[in-house]
Amino acid sequence: MMRARTCRTTAICPHCNTLIGARTSIRSSRFTTRRIYMCLIPGCGFQGVAIEEMVFQLSEGASPDPTVDLPFAPHVIRMRERNAAIAARKRSQLSFTFDDDPSGDVAAVA
Ligand SMILES: [Zn+2]
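Predicted, not measured: the structure shown is a model, and the values here were computed from it.

**Q** Please provide a residue-by-residue account of the overall build of the protein, values included.
**A** Regarding its fold elements, the protein presents one helix and four strands. Burial status across the protein gives 3% buried among its 110 residues. Within the protein, contacts between residues at least 6 apart in sequence are counted, and of these 17% link residues at least 24 apart.

Dropping the structure here:
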């Protein structure tokens, strides 16, 4: 028995605004895929080519390829900068707490 093919990659038909599935996907470069979409609504028959491109990374893979030159998304950069500032502030607060000797004794430093 033949099973109906399900399309996991979908788009919206620009003519009848229904969900259309990718019929074929071709990897055209490391970051680019071309997809051929086909509308299955009787009477529409639209077919078109879409180009999907990786433009940002949200997180590196577990084994990052050093040849991959894909920038991080701006919101990820802002989040990393904010987290680094928070960590630096916590470190400075911790070192102040540990360096501040309440007895007033000054330890000899070699
Ligand atoms: Zn259509």
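Text resumes after the structure shown.
**Q** Could you give me a rundown of the sheet that holds strand S3 (residues 32-38), with the residues and numbers involved?
**A** Taking strand neighbours across the sheet as the criterion, the four strands line up as S1-S2-S3-S4 in an open arrangement whose pairing is antiparallel. Edge positions in the sheet fall to strand S1 (10-12) and strand S4 (47-53), since each has one partner strand and no second. Along the sheet, successive strands turn relative to each other by an average axial angle of 40 degrees, direction set aside. Note: strand S2 (residues 19-27) against S3, six bridges, orientation antiparallel. Along S3, the bridge assignment pairs Ala22 with Tyr37.

**Q** Describe unusual backbone geometry, and please don't skip the residues or the numbers.
**A** For Asn17, which is not glycine, the phi dihedral falls at a positive 55 degrees. Relative to the helices and strands, Asn17 resides in the loop between S1 and S2.

**Q** Explain the pairing of S2 residue by residue, including any values.
**A** Each regular strand carries side chains that alternate between the two faces of the sheet. Sheet topology places S1 next to S2; three bridges connect them, and they run antiparallel. Across the sheet, the residue bridging to Ile12 is Leu19, located in S2. Hairpin connection of S1 to S2: six residues between the antiparallel strands, including Asn17 at a positive phi of 55 degrees. Linking two consecutive strands that pair antiparallel, namely S2 and S3, is a turn of four residues.

**Q** Please provide a residue-by-residue account of the environment of Ala11, values included.
**A** Within the secondary structure, Ala11 sits in strand S1. Owing to 16 C-beta atoms within 10 Å, Ala11 belongs among the partly exposed residues under this scheme. Taking the C-alpha atoms as reference, Ala11 lies 6.4 Å from Gly21; in sequence the two are ten residues apart. Sequence-distant contacts of Ala11, that is, excluding residues within four places in its chain, are made with Ile20, Tyr37 and Ala50.

**Q** Quick one: what's the story with the pairing of S3, residue by residue and with numbers?
**A** Pairing of S3 with S4, which is carried by seven bridges, proceeds in the antiparallel orientation. Bridge pairing in S4 links Thr32 to Glu53.

Calculation rules
Residues numbered from 1 in each chain as written. Predicted model: local features only at pLDDT ≥ 70, side-chain atom pairs only at ≥ 80, totals over all residues. Helix = DSSP H or I, 4+ residues; strand = E, 2+ residues; numbered from the N terminus. Buried ≥ 20, exposed ≤ 12 C-beta atoms within 10 Å, placed from the backbone. Contact = placed C-beta atoms within 7 Å. Pairing = 2+ DSSP bridges. Axes fitted to C-alpha atoms, helices over the stretch in contact; angles between N-to-C directions.

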